[in-house]
Amino acid sequence: MSSPPGRRARLPSHGSGRSSEAREALRRRLQGLIDGNRVMIFSKSYCPHSSRVKELFSSLGVECNILELDQVDDGTKVQEMLSEITNQKTVPNIFVNKVHVGGCDRTFQAHQSGLLQKLLQEDAAHDYDLIVIGGGSGGLACAKEAAILGKKVMVLDFVVPSPQGTSWGLGGTCVNVGCIPKKLMHQAALLGQALHDSRKFGWEYNKQVKHNWETMTEAIQNYIGSLNWGYKLSLREKAVAYVNSYGKFVEHHKIKATDKKGQESCYTAAKFVIATGERPRYLGIQGDKEYCITSDDLFSLPYCPGKTLVVGASYIALECAGFLAGLGLDVTVMVRSILLRGFDQEMAEKVGSYMEQHGVKFLRKFVPVMIQQLEKGLPGKLKVLAKSTEGPEAVEEVYNTVLLAVGRDSCTRKIGLENIGVKINEKNGKIPVNDTEQTNVPYVYAIGDVLEGKPELTPVAIQAGKLLARRLFGTSLEKCDYINVPTTVFTPLEYGCCGLSEEKAIEIYKKENLEVYHTLFWPLEWTIAGRDNNTCYAKIICNKSDHDRVIGFHILGPNAGEITQGFAAAMKCGLTKQLLNDTIGIHPTCGEVFTTLETTKSSGLDITQKGC
Amino acid sequence: MHQAALLGGLIRDAGHYGWEVAQPVPHDWRKMAEAVQNHVKSLNWGHRVQLQDRKVKYFNIKASFVNEHTVCGVAKGGKETLLSADHIVIATGGRPRYPTHIEGALEYGITSDDIFWLKDSPGKTLVVGASYVALECAGFLTGIGLDTTVMVRSIPLRGFDQQMSSLVMEHMATHGTRFLRSCTPSHVGRLPDGQLQVTWKDHTSGKGDTGTFDTILWAIGRAPETKSLNLEKAGVKTSPNSQKILVDSREATSMPHIYAIGDVAEGRPELTPTAIMAGKLLAQRLFGGSSDLMDYDNVPTTVFTPLEYGCVGLSEEEAVARHGQEHVEVYHAYYKPLEFTVAERDASQCYIKMVCLREPPQLVLGLHFLGPNAGEVTQGFALGIKCGASYVQVMQTVGIHPTCSEEVVRLRISKRSGLDPTVTGC
């Protein structure tokens, strides 16, 4: 093995101190080497792969800085730190112009694809340090954080109008056509219930209270408008360039931005973050794009949707069906197979049965096959033909509105990823990344709903985006933790959960190692209102072989979101059944039910509540 | 009744959310009271049934000690029953105190023992005191539309975090409750028209003043029910100051076979769930072979004022007193609940603070949450604190969007930094 040309890096010895300080000092030294050298190779003198890489750079006539980990005292520690920074445990570990290229194979691949040459040419020649594609929760969080860290950042955000022509402002799905408007419409529906309850609590008004869709929608849209404006303002304050154009990669490090009028501009950046999210899926049946709406359209619909068919059983489908029914509309949900796929199925069925008891019709094991317009109007009349998934049976029914909520597709197929070689999962369009959110192309990262196998939730995208910016441009090593992410489905009876579903827990830990504690409960406020006893339900799943650690938390009841959050924090801290037993409840709340769970599912004992 | 008041607020919100309700909507006290009372009666009945089911003998008699193993019970009609037992648990709780030195106080005033059982609306009400009982009652009375005044001698919510307490009061004041601060009543009398006239002294101005009310509610504190127990006959000692029964960590009094739990025991938080748990654990130790003691640290609680206040762990003052200002870091935020936006509600007092040790990993010492559903929000975090949560761990918890409780896991601004703690945007 001939030794390639190159300076030997010298590491100054470091003083002893507390281990965290020593670690921090080491990290800084390594970052200094990465930032301070055009090519930085961490290798081992005897490693054949390392030699190949050194030879490659030698043949390119590129000077490298090389640190031989087997020849320095703290080589093992350096290697551990590198694995934290890059998520790569092995040597050689190569950086070119501050970009982590990878090991031997990745470097040779980059050489073949031309990426390596491109990376070598870099040198502050880019327009931006970072371009973020997509101005949703994750993208904005990442862009702002990078700007705070002093980087030159651009955000490209462009909303392609829905087939019905709906589009919206800056902020992405959550703000415009997701969490925010849906929670507000859910609140409107809850207020309908509150009005109903309030008579029992002594409030007096005429029984027939009508709901005005336009008043509600206008108020919600005004609020969203103020949020859009706020986002623009905060980007401006942080000197993030915001361009309302559609971004598409044209070559390495270069993106083409096309605006509404078709005007094109090109921008280059050292690093890219893909945060383009997802859009609702269509069925591909006759009449779907022409006549159906999706959640992209519903929240700004200028007229009351009237009698509505919701197709799908995702949380979006059930939430929309729930609040529409709560506002007094005639609502049917058409379900192909199961409710709330991926969620605990016992809970999912309870969510569904509560909805059914409160006026939502369910048409199970049916799929629509054709949508026909009978009458135009606001709303018009649509005829839906559906067939059974189990037999020849078909049904036909007329609705004013058909809302499709059959899933969402990643916006990854039309952004030129093929031009720079970013791999996507061809089946679902999702982008696979390592645990530092890096794609197969080293300078391209992805966050949010486009990620494969990660929860599709706003706070997750925000957390991932912030932490990514801090790792890329700051001194942090903290990675986004995708474990025990809590969430809540805002159906008429809210469902909050954190950790594993019962099915998943059984699959991982086996039934005999688990203990499930559960109970039905009756919120105090419901008693006087005379609302359903023995409907709200609480369940925890404990791992008997690990100190009865709580690995699944599930609650069906009012304010489930508010309740679940704190328990999620507790699960982060290793919550066990014993700790639940030792904690005192807050009386009278729903959350306190978890501090007095006594009945195990395996006991088969009755959990219906008779009194207080 | 707090819920009734909240519903009043929701009815006003409803218009903004598209419900066409003709405002204002009047409230009928009788209807509410009857519903609440029926529910309470059903609970009373439920408790009796439960006792019966478990074969616990229930005597509706007033008990006092004869000697250390014997109590004498007097029934309504005067009939006496002597009962003896190996173990005796005193759980007589407390009752509201009257300011007996004030003329007319007992004759014309009522307490929280009465308010929930009033058949007719209390009308224009003066609440005297600033305990949580006082503020909760004043809050719901205001909420159902009554003209309500609170007379405060010194500080509100003694024992609670004082910044939070001020915000609770500020919120009530901006939502229609009147406050008379640094005032103490001196006389209550009845006017010819039946109204009550109260005379008080304003200690700030030094002047006297009077006002007329339909109802005077005393909420100046509670006294333990120990006087009529003849505790001295059993040798059970009480605190000379509070009259509460002195107990050890096993809830035993100065007599090892006599125990005291709940509000009657010295130094215990006066909260239902603590009493329940203390009672259960005591029974398990006495008869179930258990040795588990009740842990009175980090007991969470919530004050159900119009804007609810939930807390667990130390107040900021207490944390500073124990650890010193330089070792305490307080993270805080003013936030706006999503539902408030469309309803055009004022969120000036929606505030959260987390009191932590300053030294990494910044152990959480206390959490204080002011906002809707504070009880529900606080419960889970109480668990977290029980698990020894650090600031870092709480921050690593992913939020649930959109909720109020997610603001807790997004607390980034420390008081020390002096930065604006107002949450903006998502």
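Here the structure is a predicted model, which is why all the values come from computation and not from measurement. (Residues numbered from 1 in each chain as written. Chains lettered and ligands numbered in written order. Predicted model: local features only at pLDDT ≥ 70, side-chain atom pairs only at ≥ 80, totals over all residues. Heavy atoms only, no water.)

Caption draft 1: Quick look at the environment of B:Glu270. Residues and elements named next belong to chain B. Structurally, Glu270 is set in the loop between β16 (258–260) and α8 (272–287). Accessibility expressed as a relative area gives 31% for Glu270, which makes it partly exposed. With 48 residues separating them in the primary sequence, Glu270 and Arg222 have C-alpha atoms 10.0 Å apart. With near-sequence residues (within four places) excluded, Glu270 lies in contact with Tyr132, Arg222, Lys244 and Asp263. A polar side-chain atom of Glu270 sits 2.5 Å from a polar atom in the side chain of Lys244. (Helix = DSSP H or I, 4+ residues; strand = E, 2+ residues; numbered from the N terminus. Buried < 20%, exposed > 50% of the residue type's maximum accessible area, 1.4 Å probe, protein only. Contact = heavy atoms within 4.5 Å. Polar contact = N/O pair within 3.5 Å; in protein donor to acceptor, adjacent residues only side chain to side chain.)

Caption draft 2: Layout of the UniProt feature "domain: Pyridine nucleotide-disulphide oxidoreductase dimerisation" (unreviewed entry) in chain A. Under the feature "domain: Pyridine nucleotide-disulphide oxidoreductase dimerisation" (unreviewed entry), the UniProt entry names residues 485–596 of chain A. Between the C-alpha atoms that bound residues 485–596 of chain A the distance is 24 Å, and the span itself is 29% helix and 29% strand. (UniProt positions renumbered as here; feature names shortened; annotations may be inferred.)

Caption draft 3: Local environment of the interface of chain A and chain B. Contact with chain A, which involves 79 residues of that partner, is made by 73 residues of chain B. Each partner contributes to the roughly 6900 Å² buried at the junction of chain A and chain B, and carbon and sulfur atoms together form 69% of this total. For chain A, the biggest contributors to the area lost against chain B are A:Trp203, A:Glu562 and A:Ile584; these three give 12% of the whole. Our count for the contact surface shared by chain A and chain B stands at 2 salt bridges. Between B:Lys280 and A:Glu598 there is a salt bridge, and its shortest N-O distance comes to 3.5 Å. Across the contact surface, chain A and chain B share 24 residue pairs in polar contact (both at pLDDT 80 or more). Its residues assigned to classes, the side of chain A that touches chain B comprises 40 nonpolar, 25 polar and 14 charged. Sheet topology note: the strand β8 (residues 210–211) of chain A/strand β1 (residues 19–20) of chain B ladder contains 2 bridges and is antiparallel. Bridging across to β1(B), A:Lys210 finds its partner in B:Glu20. (Buried area = accessible area lost by both parts, 1.4 Å probe. Salt bridge = Lys/Arg side-chain N within 4 Å of Asp/Glu carboxyl O. Nonpolar A, V, L, I, M, F, W, Y, C, P; charged D, E, K, R; others polar. Pairing = 2+ DSSP bridges.)

Caption draft 4: Up close: the packing of helix α1 (residues 19–36) of chain A against helix α3 (residues 75–86) of chain A. Residue and element names in this part refer to chain A. The N-to-C vectors of α1 and α3 enclose an angle of 75°; their axes lie 10 Å apart at closest approach. Compared by their axis directions, α1 and α3 come out roughly perpendicular. Contacts from Arg23, Leu26, Arg27 and Leu30 of α1 reach α3 at Lys77, Val78, Met81, Leu82, Glu84 and Ile85. The class makeup of the residues in the contact of α1 with α3 is 6 nonpolar, no polar and 4 charged. (Axes fitted to C-alpha atoms, helices over the stretch in contact; angles between N-to-C directions. Parallel < 35°, antiparallel > 145°, perpendicular 65-115°, else oblique.)

Caption draft 5: Quick look at the state of the cysteines. Residue and element names in this part refer to chain A. Overall, the coordinates contain 0 disulfides over all chains when judged by the stated rule. Cys174 supplies the cysteine sulfur nearest to Cys179, a cysteine that is in no disulfide, at a spacing of 3.2 Å. Judged by its relative accessible area of 15%, Cys179 falls in the buried class. There is no disulfide at Cys480, and the cysteine sulfur nearest it, in Cys142, is 12 Å away. The buried category is assigned to Cys480, whose relative accessible area is 8%. (Disulfide = S-S within 2.5 Å.)

Caption draft 6: Here's a closer look at a nonpolar patch on the surface. Nonpolar side chains collect at one region of the surface, where B:Leu51, B:Val56 and B:Tyr58 lie side by side and expose about 240 Å² of accessible area between them. Take B:Tyr58: it is sitting in the loop between α2 (29–53) and β2 (62–67). (Patch = residues over 30% accessible without salt bridge, like charges linked within 9 Å, V, L, I, M, F, W, Y side chains within 5 Å. Areas by Shrake-Rupley, 256 points an atom, 1.4 Å probe, with all protein chains shown as cover.)

Caption draft 7: Summary view of the domain arrangement of chain A. All names here are of chain A. Domain assignment breaks chain A into domain 1 (20–120), domain 2 (128–280 + 409–473), domain 3 (282–407) and domain 4 (493–603). Domain 1 and domain 2 are separated by 35 Å when their C-alpha centres are compared. The largest share of the area that domain 1 buries against domain 2 comes from Asn87, Leu115 and Lys118, three residues that together contribute 45% of it. At the junction of domain 1 and domain 2, the tally comes to 0 salt bridges. Applying the counting criterion to the domain 1 and domain 2 interface returns 2 residue pairs in polar contact (both at pLDDT 80 or more). (Domains from an automatic or database assignment.)

Caption draft 8: View of the sheet that holds strand β13 (residues 208–213) of chain B. Residues and elements named next belong to chain B. An order of β11-β12-β13 is seen for the 3 strands of this open sheet, with the pairing classed as antiparallel. The open sheet has two edge strands, β11 (183–190) and β13, and neither has a second partner. For this sheet the average axis-to-axis angle between neighbouring strands, irrespective of direction, equals 25°.

Caption draft 9: Region of interest: the pattern of salt bridges. All names here are of chain A. Per the counting criterion, the structure on display carries 47 salt bridges over all chains. Here Arg28 makes a salt bridge to Glu24, at a shortest N to O gap of 3.1 Å. Of this pair, Arg28 and Glu24 both sit in helix α1, 4 residues apart, which is roughly one turn of the helix. Look at Arg28 and you get exposed, because its relative accessible area is 53%. For the salt bridge of Lys539 with Glu346, the shortest nitrogen-to-oxygen distance reads 2.5 Å.

Caption draft 10: Local environment of the sheet that holds strand β21 (residues 401–404) of chain A. Residues and elements named next belong to chain A. Spatial ordering of the open sheet is given by β14-β21-β15-β16-β17, a layout of 5 strands whose pairing is parallel. Taken across any chain shown, the strands that pair with only one partner, and hence form the sheet edges, are β14 (293–294) and β17 (361–364). Where β14 lies against β21, 2 bridges are found, and the strand directions are parallel. When the sheet's bridge partners are listed, Thr294 is paired in β21 with Leu404. With respect to the sheet, helix α12 (residues 315–326) is in contact with β15 (308–311), β16 (331–335), β17 and β21, its orientation differing from that of β16 by roughly 165°.

Caption draft 11: Unusual backbone geometry, seen in detail. A cis amide bond, omega 0°, links A:Val91 with the succeeding residue A:Pro92. Positionally, A:Pro92 belongs in the loop between α3 and β4 (93–96). Note the cis peptide between B:His401 and B:Pro402, where omega equals -10°. Following the sequence through the fold, B:Pro402 ends up in the segment after α12 (391–396). Non-glycine residue A:Asn87 carries a positive phi angle of around 65°. Secondary-structure assignment places A:Asn87 in the loop between α3 and β4. The phi angle at A:Asn484 is positive, at roughly 50°, despite the residue not being glycine. In this structure, A:Asn484 sits in the loop between α15 (458–473) and β24 (487–489). Overall, A:Asn484 belongs to the partly exposed group, its relative accessible area being 26%.

Caption draft 12: Looking closely at the UniProt feature "domain: Pyridine nucleotide-disulphide oxidoreductase dimerisation" (unreviewed entry) in chain B. Residues annotated by UniProt as "domain: Pyridine nucleotide-disulphide oxidoreductase dimerisation" (unreviewed entry) correspond here to residues 299–410 of chain B. Secondary structure content for residues 299–410 of chain B is 29% helix and 26% strand, and the end C-alpha separation is 23 Å.

Caption draft 13: Main features of the packing of aromatic side chains. As enumerated under the stated definition, the model contains 16 aromatic pairs over all chains in all. Residues A:Phe158 and A:Tyr246 carry aromatic rings whose centres are separated by 6.3 Å and whose planes lie at 85° to one another, so their mutual orientation is edge-to-face. Separated by 88 residues along the polypeptide, A:Phe158 in the loop between β7 (153–156) and α7 (172–177) and A:Tyr246 in strand β10 (residues 246–251) bring together distant segments of the chain. A relative accessible area of 27% places A:Tyr246 in the partly exposed class. When the ring of B:Tyr334 is compared with that of B:Tyr351, the centres are 4.5 Å apart and the planes differ by 45°; the resulting orientation is tilted. With B:Tyr334 in strand β19 (residues 328–334) and B:Tyr351 in strand β20 (residues 351–357), this pair connects stretches of sequence that are 17 residues apart. Given a relative accessible area of 0%, B:Tyr351 falls into the buried group. Sitting over the ring of A:Tyr399, A:Lys307 keeps its end group 5.1 Å from the ring centre. (Phe/Tyr/Trp six-rings, centres within 6.5 Å; stacked < 30°, edge-to-face > 60°. Lys NZ or Arg CZ within 6 Å of the ring centre and 35° of its normal.)

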